[in-house]
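Coordinate analysis (summary)
Each chain, letter by letter, is given below.
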Amino acid sequence: MVDLTVNGQPRRLLVDVRSTLLDVVRGHLDLTGSKKGCDHGQCGACTMRVGDRTVLSCLTLAVAVREPVETIESLAAPDGTLHPMQQAFIDQEAFQCGYCTPGQIVSAIACIEEGHAHSDQAIREYLSGNLCRCGAYRHIVAAVRQVRDRSGGPAAAASGPTSAGRG
């Protein structure tokens, strides 16, 4: 038995103690936005927020989770209004096949919230654990920059676009 709060909803679930957070969220709660990419913690497609940190949910045992879980499904408002990062991904065409997009968006939000978006290089470094097989990195960085700049955070005035690195 595991007690989880997922996207603000308390849940009590009967799961195998070996079940990962990703498998529980997808299989028991039918929240399929987070993807199982590599199942080895190398691609970031399964990224979720647990408490105030991002986790690779394919490597996180559900029974070990003690803090609230937020998945990609928690971001849009009840009326369907997208989170600013979701909108920025659309505006900047920061996805192609879309498989990595949920993990990229969750990590991109954390990048800004944790103060790692002060330069394009810092954004690329923070997001380096999220792989995009389509190569949309430049657009992903632009989406993070768009949200950072519109939020008026301290990094908004400190940096501008660069062409260094993969993004």
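This structure is a prediction, so every number in the text was calculated from the model and none was measured.

What follows concerns the side chain of Q146. Topologically, Q146 is positioned in helix α5 (residues 137-151). Not counting the four nearest positions on each side in its chain, Q146 is found in contact with A88, D91 and Q92.

The next point concerns the environment of D120. Summarising the element assignment, D120 is placed in helix α4 (residues 120-126). In the structure, D120 is positioned 64 residues away from L56 in sequence and 23 Å away in space, judged by C-alpha atoms.

Turning our attention to unusual backbone geometry. In the Ramachandran plot, D30 falls in the positive-phi region, its phi being about 60° despite a non-glycine side chain. Of note, D30 is situated in the loop between α1 (21-27) and β3 (47-50). The exposure class of D30 is exposed, given its relative accessible area of 60%. Positive phi values are uncommon outside glycine, yet E93 reaches one of about 50°.

On the surface, L82, I90 and F95 cluster together to form a nonpolar patch covering roughly 240 Å² of accessible area. Take F95: it is sitting in the loop between α2 (84-91) and α3 (101-113).

This next bit is on α3. If you check α3, its first and last C-alpha atoms are 18 Å apart, about what 13 residues at 1.5 Å a residue would give, namely 18 Å. Here α3 lies mainly inside the structure; eleven of its 13 residues are buried. Turning to α3, its buried residues are T101, P102, G103, Q104, I105, V106, S107, A108, I109, A110 and C111. Contacts from the buried residues of α3 go to β3, β4 (53-56), α2, α4 and α5. Looking one or two places after α3, you find G115, whose phi comes out positive at around 80°.

This brings us to the confidence of the model for the chain. In the predicted model, the chain carries a mean pLDDT of 91, and the fraction of residues at 70 or more is 91%. Between residues 156-167, whose pLDDT stays under 50, and residues either more than four places distant or in other chains, the model counts 24 contacts.

Thresholds, definitions, all that
Residues numbered from 1 in each chain as written. Predicted model: local features only at pLDDT ≥ 70, side-chain atom pairs only at ≥ 80, totals over all residues. Heavy atoms only, no water. Helix = DSSP H or I, 4+ residues; strand = E, 2+ residues; numbered from the N terminus. Contact = heavy atoms within 4.5 Å. Buried < 20%, exposed > 50% of the residue type's maximum accessible area, 1.4 Å probe, protein only. Patch = residues over 30% accessible without salt bridge, like charges linked within 9 Å, V, L, I, M, F, W, Y side chains within 5 Å. Areas by Shrake-Rupley, 256 points an atom, 1.4 Å probe, with all protein chains shown as cover. Salt bridge = Lys/Arg side-chain N within 4 Å of Asp/Glu carboxyl O. Expected span 1.5 Å × (residues − 1). pLDDT = per-residue confidence, 0-100.

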